[in-house]
Amino acid sequence: MIVTLNHLTKSFGPGRPVVDGVSFRIETGEIFGLVGPSGCGKTTLLRMVAGFVRPDAGDILFGERRVNDDPPQLRRAAMVFQNFAIWPHLTVYENVAYGPRARGLAPEAVEERVQAALRTTRLADLAARKPAQLSGGQQQRVALARALAVEPDLVLFDEPLSSLDARLRLELRGELRRIQQESRLTSLYVTHDQEEALSLCDRLAVMNAGRIEQIGRPEEIYRRPTTEFVARFMGEINLLPPGSPWRAALGITGGELAAFRPEAARLGGDGATAVVRSSRFLGSKAELELSMDGAEPLKIWTVSPIEPGTTIRFQVATGDLIRFPTT
């Protein structure tokens, strides 16, 4: 099902709206990410799509149907929360069966849906357990199975991995992507975690202060941000304003703001000469902070740490530079 948002606006008092004229379209079967800092309006937007908050202006369309006035239970949307929101006194099976039963399905249909959802989420062997007997990752899979069992037109994810530790987040990230691709669920995924959004979503919208800054595929958003805010929010970046000594050293011309990601730097060549101020080993890479007389510090990533105080040379390919128009 295609979901379309047209010029949605929502205020909770005087001043600038929390959501300010937002428009985008979620294609059938895609996972569309909504990412931005805390307070940017992404959760309010999600709750408007779910039916928990009514927009002040604009339209929400599920297919061709305008759903602004429809209550949540009539929208055929399921929500997966960050705190799992599963019944602690019910077994895994009973939690997953709750939605289909509440919709009045026949017992055979309930059984079929529950078993299909448990197989998809790899929970069939845990069907008789209570939530207290499960890990955090298993509980989140129960919440996802419960959403799948009602066969929704749209699944809404409200920062579903934020309460898990780093290892579980990585594990569940892969599981969520697998399940979404196998089930071809149309999904709206809200998160403030940039890496999570980049790895999970087919397309992203980056929000800032109630408005959309940029919409695109993850690689496009990361490699070709259209605004300084998007560039800063979607990962580490070095910004080189006009007049920065780094620009001349790296052969960067033009009057607009230039930038490059730390991984774009290549050691050696005829580029800039810099001194390593600090070096941190991060497992898969090392982060170097570089200095040059009269210039702001830069960060680059290398395979191995380099001793602080070492003088190095590095360069950045023209194709790896990001440029923003001056304002």
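Residues numbered from 1 in each chain as written. Predicted model: local features only at pLDDT ≥ 70, side-chain atom pairs only at ≥ 80, totals over all residues. Heavy atoms only, no water.

1. Points about the overall build of the protein chain
Put simply, the rule reads: Numbering of helices and strands starts at the N terminus; helices are DSSP runs of H or I of at least 4 residues and strands are runs of E of at least 2. Each residue is placed in one exposure class: buried if its accessible area under a 1.4 Å probe, protein chains only, is under 20% of its type's maximum, exposed if it is over 50%, and partly exposed if it falls in between. The method behind every accessible area is Shrake-Rupley, applied with a 1.4 Å probe, and residues are considered shielded solely by the protein chains displayed. Here Asp and Glu are counted as negative and Lys and Arg as positive; His is not counted, and neither are the chain ends. Charged side chains are reduced to one point each, which is NZ for Lys, CZ for Arg, CG for Asp and CD for Glu.
When helices and strands are counted, the protein chain shows nine helices and 17 strands. Per-residue burial over the protein chain gives 48% buried out of 327 residues. Put simply, the protein chain shows about 15200 Å² of open surface, and 50% of that area lies on carbon and sulfur atoms. Side chains of the protein chain carry 40 positive and 39 negative charges; the gap between the two charge centres is 2 Å.

2. Regarding the sheet that holds strand β13 (residues 265-281)
Quick reminder of the rule: Strand pairing is assigned whenever DSSP detects at least two bridges linking the two strands. Simply put, an axis is a line fit to the C-alpha atoms, just over the touching stretch for a helix, and the angle between two N-to-C directions goes from 0 to 180 degrees.
Read from one edge of the open sheet, four strands run β15-β14-β13-β16, paired in antiparallel fashion. Edge positions in the open sheet fall to β15 (298-302) and β16 (311-316), since each of these has one partner strand only. Each strand axis lies, on average, 55° off the axis of its neighbour in the sheet, ignoring direction. Pairing of strand β14 (residues 286-291) with β15, which is carried by five bridges, proceeds in the antiparallel orientation. Each bridged residue has a counterpart across the sheet, and for E289 the counterpart in β15 is K299.

3. Structural notes on the layout of surface pockets
Selection rule: The way it works is a 1 Å grid over only the protein atoms, where trapped points that fit a 1.4 Å probe form a cavity and open points with protein on both sides within 12 Å along at least five of seven lines form a pocket, and then any residue with an atom within 4 Å of a point lines it. Grid points are joined across faces, edges and corners, and a volume is the space filled by probe spheres set on the points. Each residue is assigned to one class: nonpolar for Ala, Val, Leu, Ile, Met, Phe, Trp, Tyr, Cys and Pro, charged for Asp, Glu, Lys and Arg, and polar for all the others, Gly among them.
Here the largest pocket defines a volume of roughly 500 Å³. Looking at the largest pocket, it is lined by 19 residues, and the ones nearest its centre are A77, A78, M79, R103 and V150. Elements supplying a minimum of two residues to the lining of the largest pocket: β6 (77-80), α2 (92-102) and α4 (136-149). Of the residues that constitute the lining of the largest pocket, the class distribution is 14 nonpolar, two polar and three charged.

4. Concerning the sheet that holds strand β2 (residues 19-26)
Ordered in space as β2-β1-β4-β5, the four strands form an open sheet in which the pairing is antiparallel. In the strand order of this sheet, the two ends are held by β2 and β5 (65-66), each with one partner. As judged from the five bridges shared by strand β1 (residues 3-10) and strand β4 (residues 57-62), these two strands associate in the antiparallel manner. If you follow N6 over to β4, its bridge partner there is D59.

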